[in-house]
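# Notes for the structure review
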Amino acid sequence: MGYTPEMLELIKKVEASRPERLERSRKGIDFEALTLAGREEVLSRFHPDYKAAGRRDIKVGPSKGENYPDEFADVLESKARLIVSGAQLEKLTAYETEVLVIGGGGGGTSAALMAQENGCKVILATKLRHGDANTVMAEGGIQGATQEVDSPYYHYLDVIGGGHFTNTPELVAALTNDAPLVIEWLERLGLMFDKKPDGRLQVRHGGGTCRKRMHSSGDMTGSAIMRVLRDESRNRAADIKVLEFSSAVEIIKDSKGRAAGALFYNLETEEYFVVKAKATVIATGGYGRLHIQGFATTNHYGATADGLVMGYRAGVPLAFMHSTQYHPTGVAFPEQNIGLLITEKVRGLGANLLNINGEQFVFEREPRDVESACIIRECLERGNGIITATGRVGVWLDSPMIEVLEGPGAVKRELPAKYIQFMRYGIDISQVPMLVYPTLHYQNGGLKIADSSATNVDGLFAAGEATGGVHGENRLMGNSLLDITVFGRRAGINAAAYVKNFSGELSGINMDHVDAYHKELAAARIETDRVAPLILPNYTRDETMEKQLTTHYQGGIRA
Amino acid sequence: MSEAKKEIRVATGDRAILPEGTKLVPIFIMGKQYRVPETMTIQKAVEYAGYQFIRSCGCRGGICGACPTVYRIAGDYHLHFCLACQTVVQADMYLTQLPFFPANRAAYDIEKVDASAETIMKLYPEVMKCVACNTCTKACPMEIEVMEYVNAAMRGDIAKAARLSFDCIQCGLCSSRCPAQIQHFHLAQLCRRLHAKYQVPAAQHLKPRVADINAGKFVNMLKELVAGDEDGLRKLYVDREMEPQESSDWQPQDKNFL
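The rules behind these values
- Residues numbered from 1 in each chain as written.
- Chains lettered and ligands numbered in written order.
- Predicted model: local features only at pLDDT ≥ 70, side-chain atom pairs only at ≥ 80, totals over all residues.
- Helix = DSSP H or I, 4+ residues; strand = E, 2+ residues; numbered from the N terminus.
- Rg over C-alpha atoms; globule rule 2.2 N^0.38 Å.
- Buried ≥ 20, exposed ≤ 12 C-beta atoms within 10 Å, placed from the backbone.
- Contact = placed C-beta atoms within 7 Å.
- Core = buried A, V, L, I, M, F, W, Y, C linked by C-beta atoms within 7 Å.
- Nonpolar A, V, L, I, M, F, W, Y, C, P; charged D, E, K, R; others polar.
- Arc of directions from axis to C-beta.
- Pairing = 2+ DSSP bridges.
- Right-handed = clockwise from strand over helix to strand, strands pointing away.
- Axes fitted to C-alpha atoms, helices over the stretch in contact; angles between N-to-C directions.

### A few points about the overall build of chain B
- When its secondary structure is counted, chain B shows ten helices and five strands.
- In terms of overall dimensions, chain B is more spread out than a globule: its C-alpha atoms have a radius of gyration of 26 Å, far above the 18 Å expected for 258 residues.
- Dimensions along the principal axes, computed over C-alpha positions, put chain B at roughly 75 × 70 × 35 Å.
- The buried share of chain B, reckoned over its 258 residues, is 38%.
- A fraction of 58% describes how many contacts in chain B between residues 6 or more apart in sequence connect residues 24 or more apart.

### A word on the nonpolar core
- Within the largest apolar cluster, 232 residues are counted, with the highest numbers of intra-cluster contacts made by A:Phe72, A:Val99, A:Val101, A:Ala111, A:Val281, A:Ala462 and A:Ala495.
- Residue contributions to this core peak at ten residues, all from helix H15 (residues 480-500) of chain A.

### What about the interface of chain B and chain A?
- With 82 residues of chain B at the contact, the number on the chain A side is 83 residues.
- Elements supplying a minimum of two residues to the side of chain B that touches chain A: helix H1 (42-49), helix H7 (184-199), helix H8 (206-214), helix H9 (219-227) and helix H10 (230-238) of chain B.
- Counting residues per element, the side of chain B that touches chain A draws most heavily on H7(B), at seven residues.
- Of the residues in the side of chain B that touches chain A, the class split is 45 nonpolar, 18 polar and 19 charged.

### Some points on H8(B)
All names here are of chain B.
- Of all the positions in H8, only Leu-206, Arg-209 and Ile-213 are classed as buried. Buried positions in H8, seen along its axis, are confined to an arc of 65° and lie on one side of it. Those residues of H8 that are exposed and angled more than 90 degrees off the buried face are Lys-207, Pro-208, Ala-211 and Asn-214.
- Phi turns positive one or two residues past the end of H8, at Gly-216, with a value near 80°.

### Considerations on the pairing of strand E3 (residues 93-102) of chain A
Residue and element names in this part refer to chain A.
- As judged from the eight bridges shared by E3 and strand E10 (residues 272-282), these two strands associate in the parallel manner. Each bridged residue has a counterpart across the sheet, and for Glu-96 the counterpart in E10 is Lys-276.
- Sheet topology note: the E3/strand E4 (residues 122-125) ladder contains four bridges and is parallel. In the sheet register, Ile-102 faces E4, and the bridge partner there is Ala-125.
- With respect to chirality, the unit in which E3 leads through helix H5 (residues 106-117) into the neighbouring parallel E4 is right-handed.

### Details of the sheet that holds strand E2 (residues 32-37) of chain B
All names here are of chain B.
- Pairing within the open sheet is mixed, and its five strands lie in the order E2-E1-E5-E3-E4. The open sheet has two edge strands with one neighbour each: E2 and strand E4 (80-83). In this sheet, neighbouring strand axes are inclined to one another by 35° on average, regardless of whether the strands run parallel or antiparallel.
- Inspection of the sheet shows strand E3 (residues 68-73) paired to strand E5 (residues 93-97) by five bridges, in the antiparallel sense. Paired with Tyr-71 across the bridge in E5 is Leu-95.
- Contacts from H1 reach strand E1 (24-29), E2, E3 and E5 within the one sheet, and its direction differs from that of E2 by about 110°.

### Points about the environment of A:Asp178
Residue and element names in this part refer to chain A.
- Tracing the backbone through its elements, the reader meets Asp-178 in helix H7 (residues 169-189).
- Of the residues examined, Asp-178 has 21 C-beta atoms within 10 Å and is grouped as buried.
- It is 9.8 Å that separates the C-alpha atoms of Asp-178 and Asp-483, two residues lying 305 residues apart in sequence.

Below you can see the structure in the form of structure tokens.
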């Protein structure tokens with residue numbers, strides 16, 4: 001366990017250059033930061049968002065002509081798992097409800113709770129367990145202008161400035177206006193917020209905030225929120241029915257073109273079934289597990305963009321899907337931690353980034369996207385990355401410097417979770433550097449929604465990472481947990497209002513829009529046997545697949 | 001130039017590329033032998049063996065609780081508990097995963113309970129049957145003092161139970177092992193919610209802010225920003241007064257938008 005002898009040999013080069021680097025650091029001499037032109041050059045050549053290679057114009061659907069990463073374009077330009085007739089859909093109908101929520105993370109669960117509170121019967125369906133979502137992995141916190149020196153006005157400015165002024169303004173207004181309401185809601189539900197003894201919420205700064213408004217629950221805020229929301233939904237089990245390991249594969253519509261629920265696939269019995277619903281909420285999260293351009297990811301197992309595919313086929317345009325957030329420092333070794341996040345704080349405390357020769361190659365506090373591009377360039381173009389025994393490439397993040405700059409014990413004190421995470425595998429990051437590489441962190445774009453969480457399709461709502469616009473081209477820390485709760489709640493409330501005003505009956509349910517989409521694929525001469533939604537990522541080895549003689553794959557799963 | 005330049009065959013996604021000569025070790029997945037690379041986690045080794053997870057796999061980062069795993073090493077009677085995504089395989093390990101464990105969860109109205117031993121007794125009376133064997137603690141992959149928090153809850157020390165159980169990922173291993181049939185993780189969740197809602201003081205400063213928002217105080221301010229052109233917004237952004245890191249008594253100059 002720990003580093004291999006080969007890696008330990010390479011670490012000697014890091015140790016050899018360390019005294020000189022520490023000396024420079026003490027004198028306040030940094031590696032030279034890039035000029036704006038330099039930034040643009042490295043971004044255009046190496047940042048996955050800017051590189052022309054690995055992307056293409058999408059040829060079908062309501063966002064035809066937009067330029068997306070190949071992995072995402074592939075799932076959009078795919079066939080449906082199946083198209084069944086209206087009569088068959090009727091026959092497959094297993095449940096009828098008022099509000100159907102697809103997705104069991106924080107967004108979906110917020111929607112379910114609010115739809116229930118507003119008088120609706122709800123079915124929440126998820127392809128994994130209720131709560132298996134990126135929500136639980138969010139560590140940093142949740143923003144909200146709860147303090148007297150702050151207000152939604154300043155939160156708005158921070159969000160839109162952070163997003164390079166590209167954000168959809170109405171969504172930012174909704175996000176920032178509702179934030180204190182969400183914090184109060186969570187407090188009322190019994191979330192263990194970090195507080196001062198008198199009950200005042202503790203707040204911190206996050207990157208790009210002008211006021212302190214980052215609320216936390218230890219260093220597992222997302223997990224704490226998910227646990228409380230899920231627990232509360234279980235208190236309301238009479239009205240909120242949860243279907244686990246049931247993967248939505250297509251939205252269905254009624255004869256008037258309104259969303260009418262979804263077609264599901266039971267992952268265990270391999271049966272299809274239909275949930276008919278007057279209103280449907282897509283809260284299926286992002287696409288980290290598509291491993292855009294081969295990147296490892298911080299995302300959970302189910303992040304395969306299913307909701308985006310279904311929503312797109314149903315006629316909902318996409319927004320900001322050209323933009324993905326890569327975190328510069330994901331774990332590249334050991335294999336068991338691949339892709340997991342290493343906080344920016346490590347560089348903030350003074351650790352250098354180094355190549356295989358123990359040399360600095362980048363200023364450590366460039367913006368996230370620039371820092372990522374520089375690491376990629378060092379590894380792939382200059383060939384100065386360190387290749388691991390499992391074929392990963394990375395650069396060193398010299399955490400032992402922190403022990404010298406901040407005093408012995410600083411690593412363990414300042415980075416307790418990271419210290420333990422590496423110690424588990426025999427790596428003491430106060431003594432040896434970490435190996436890092438950029439990791440796919442967050443999908444900035446998604447389905448286009450209004451500030452009510454409604455899409456352009458009647459009866460179809462969406463919330464959270466599955467939607468695009470609120471963060472523009474760049475999301476600030478602490479606004480994703482806020483996004484899912486604010487728009488999850490709005491989706492639930494507005495879906496319930498839609499149900500109340502619902503006229504007529506759901507009749508003539510069909511998948512005509514999927515049929516039309518197939519025709520569009522044919523007209524665009526896209527001939528493919530790809531099937532989407534993927535449902536799960538496929539990590540089966542080629543050697544295994546070759547021997548699965550009677551098996552084929554539909555999307556990511558064996559069929 | 002380093003050798004890396006010649007051979008940039010980089011592993012993508014979650015699939016490893018194994019170098020020549022990688023040592024394989026035998027593991028027994030539900031009793032059946034597979035040979036897997038010795039450095040892999042149990043989770044990736046099971047995938048390497050040819051399984052595709054439907055259950056027993058979630059965040060792959062040690063926080064969701066989907067992959068609790070039980071194993072023994074051949075020839076050793078000790079039983080071990082872990083998360084498959086966080087544990088490296090060992091030769092001759094006999095393992096199985098526990099994708100689900102039945103546990104009754106008592107329904108309650110959070111607005112109509114109080115943080116007392118009586119609430120605990122009423123909702124989870126089986127807590128009193130704890131025989132103090134500490135098996136729950138030994139089974140916890142998060143190293144939580146499970147028995148300690150159960151005992152605290154039993155005594156009505158809800159605050160202690162909440163604090164001790166804070167890292168719980170609700171994987172269910174504790175409850176799978178309990179001879180008293182306690183449903184620890186649901187009990188712990190109840191304690192945390194009771195503690196946060198009824199024992200920790202409410203944030204008084206939040207109430208006027210919520211009232212202001214509900215009265216629409218910020219609607220027009222936000223409308224102005226929504227309608228603002230980019231140059232104007234850029235100026236407002238650049239001119240923001242920054243709250244300092246150390247800021248106990250800090251006040252902004254401009255209070256028109258608070």
